[in-house]
Amino acid sequence: MVTTVNEHIIETVPTPAHTSSAETSILPLSLCLTLLRDLETLIEVVAEQLYGEDKKWNLIVLTEAAKVCVRLAAFRNTGYKMLLQGGETENLEHSDDSSPQESMGHLTKPIRNQGPGANHPQGWNSWNLEGRAMSALSNFGQNARTVSEPTWLRRVQQQQAILEPPTKVITKPSLSTFLSEKGTRGGLFVTGEIMFILRPLIYVFLVRKYGTRSWFPWFISLAVDLMGNSILSVITMSQDSRKDQHFQFSKSEKDELKRRKLLWVLYLMRDPFFSEYTRRRLESTQKIVEPVPVVGFFAEKLIELLIGAQTRYTYMSGS
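Note that the structure is predicted; figures quoted are calculated from it, not measured.

With that settled, the discussion passes to the overall build of the protein chain. Scanning the protein chain from N- to C-terminus turns up 12 helices and zero strands. Expressed as a percentage of the 319 residues in the protein chain, the buried residues total 33%. Considering only contacts within the protein chain whose residues lie at least 6 apart along the sequence, 73% involve residues at least 24 apart. As displayed, the protein chain offers around 20400 Å² of accessible surface, 62% of which is attributable to carbon and sulfur atoms.

In this section: empty space enclosed by the protein. Inspection of every chain in the model, using the stated rule, returns three cavities of 30 Å³ or more. What the largest cavity holds in volume is close to 100 Å³. Forming the walls of the largest cavity are 13 residues, and the residues nearest its centre are Phe196, Arg199, Asp225, Leu263 and Gly318. If you list the elements that add at least two residues to the lining of the largest cavity, you get helix 7 (175–210) and helix 8 (215–242). No other element matches the three residues that helix 7 contributes to the lining of the largest cavity. Residues that form the lining of the largest cavity fall into these classes: five nonpolar, four polar and four charged.

Before going further, it helps to spend a moment on the packing of helix 10 (residues 273–289) against helix 11 (residues 293–310). Two numbers describe how helix 10 lies on helix 11: the axes approach to 9 Å, and their chain directions differ by 165 degrees. The orientation of helix 10 relative to helix 11 falls into the category roughly antiparallel. Of the two possible hands of crossing, helix 10 and helix 11 adopt the one that is left-handed. Between helix 10, through Phe274, Arg279, Leu282, Gln286 and Val289, and helix 11, the contact on the second element is made entirely by Val295, Gly296, Ala299, Glu300, Ile303, Leu306, Ile307 and Gln310. In the contact of helix 10 with helix 11, the residues fall into eight nonpolar, three polar and two charged.

What follows concerns the nonpolar core. Core analysis: the largest hydrophobic core is formed by 21 residues, its most contacted members being Phe75, Met82, Phe189, Ile197, Leu232, Ile235 and Phe249. Among the secondary structure elements, those contributing two or more residues to this core are helix 2 (21–77), helix 7 and helix 8. One finds Leu266, Leu282, Ile303 and Ile307 within the second-largest nonpolar core, a separate group that totals eight residues.

Empty pockets left among the atoms are what a rolling probe the size of a water molecule brings to light. The space that makes up the second largest pocket amounts to roughly 420 Å³. The wall of the second largest pocket is formed by 24 residues, among which Glu53, Trp57, Thr212, Asp271 and Gln310 lie closest to the centre. Among the secondary structure elements, those contributing two or more residues to the lining of the second largest pocket are helix 2, helix 7, helix 10, helix 11 and helix 12 (313–316). Top contributing element to the lining of the second largest pocket by residue count: helix 2, with five residues. Here the lining of the second largest pocket is built from residues that sort into eight nonpolar, six polar and 10 charged.

Here we take up the packing of aromatic side chains. Under the definition given, this model contains 16 aromatic pairs. Aromatic pair Phe75 and Phe189: ring centres 6.1 Å apart, planes at 55 degrees, arrangement tilted. Here the residue Phe75 occupies a position in helix 2, and Phe189 occupies one in helix 7, the gap between them amounting to 114 residues. Relative accessible area serves as the criterion here: at 3%, Phe75 is assigned to the buried category. Between the NZ or CZ atom of Arg260 and the centre of the ring of Phe196, over which it lies, the distance is 3.6 Å. When the ring centre of Tyr203 is taken as reference, the NZ or CZ atom of Arg270 above it lies at 5.7 Å.

Reading the values: the criteria
Residues numbered from 1 in each chain as written. Predicted model: local features only at pLDDT ≥ 70, side-chain atom pairs only at ≥ 80, totals over all residues. Heavy atoms only, no water. Helix = DSSP H or I, 4+ residues; strand = E, 2+ residues; numbered from the N terminus. Buried < 20%, exposed > 50% of the residue type's maximum accessible area, 1.4 Å probe, protein only. Contact = heavy atoms within 4.5 Å. Areas by Shrake-Rupley, 256 points an atom, 1.4 Å probe, with all protein chains shown as cover. 1 Å grid on protein atoms, 1.4 Å probe; cavity = no way out; pocket = protein on both sides within 12 Å on 5 of 7 lines; lining within 4 Å. Points joined across faces, edges and corners; volume = space filled by probe spheres on them. Nonpolar A, V, L, I, M, F, W, Y, C, P; charged D, E, K, R; others polar. Axes fitted to C-alpha atoms, helices over the stretch in contact; angles between N-to-C directions. Parallel < 35°, antiparallel > 145°, perpendicular 65-115°, else oblique. Left-handed = near helix turned anticlockwise from the far one by under 90°. Core = buried A, V, L, I, M, F, W, Y, C linked by side-chain atoms within 4.5 Å. Phe/Tyr/Trp six-rings, centres within 6.5 Å; stacked < 30°, edge-to-face > 60°. Lys NZ or Arg CZ within 6 Å of the ring centre and 35° of its normal.

Remember that the coordinates give geometry; whether it matters functionally is a separate question.
In structure tokens form, the structure reads like this:
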């Protein structure tokens with residue numbers, strides 16, 4: 001935890017280019033999520049030692065509830081962007097619909113209008129008589145103001161302009177504004193993201209009520225994961241087919257969807273599936289490779305580590 005705080009301080013040194021209100025508000029939330037993830041295993045071990053195997057789920061439920069609250073706040077503060085790594089990584093990339101021509105339009109226009117033979121019906125052609133007169137008048141006004149100012153003041157202003165460029169203030173849309181702008185797919189995206197955020201809390205709450213041997217929490221958690229990822233996958237496929245620029249996922253968000261699908265492997269390590277199927281497969285594999293001198297030794301140690309890690313919810317939670 002100390003290392004996490006240290007890395008956070010080093011990586012978030014304030015610079016003139018990163019001083020927007022949105023960034024300063026999301027960083028503490030991402031740090032809180034990282035600290036909760038580092039602390040949850042200790043909470044589980046202490047709760048099991050103090051209250052036993054059955055009652056330890058009370059503290060685990062409280063931990064997951066705290067993570068849900070922080071993630072919902074982070075989801076809102078980012079302007080309803082997809083949470084990367086469960087909210088521990090900032091989502092600062094622009095979506096695929098922001099093309100360089102649109103974002104740099106104010107720079108490309110003057111380049112097209114430059115040159116002796118360039119004429120634009122609504123642009124400022126500096127090669128005609130009127131353009132030269134306006135340019136001379138503008139330069140005269142700037143020079144007169146510069147001459148009237150002291151040299152030391154101009155030097156200080158130039159240094160401040162270099163060291164403190166104007167910051168871009170990013171406004172965070174409200175939920176109603178986001179849904180009105182993004183339409184139906186925006187509502188589906190919010191639904192899928194909230195299902196991803198709530199899934200761990202739903203799972204541990206059901207485990208606390210029905211126990212780890214019950215199939216009900218396992219199936220409900222898997223159903224929530226499948227439904228949430230299916231909603232986001234439908235949005236992605238509709239974007240690729242229709243090429244609608246109104247709502248697009250960035251590359252990091254598409255990678256996050258792939259990461260979430262890989263987390264489905266953890267269902268093989270959760271009870272009761274692990275006790276009924278996975279553990280038997282591991283033990284049978286160990287018996288097969290046991291006669292092999294080197295492979296049998298490492299396979300035995302690996303299986304022991306997997307069985308030991310499976311007993312901890314936080315190692316297999318994927319949250």
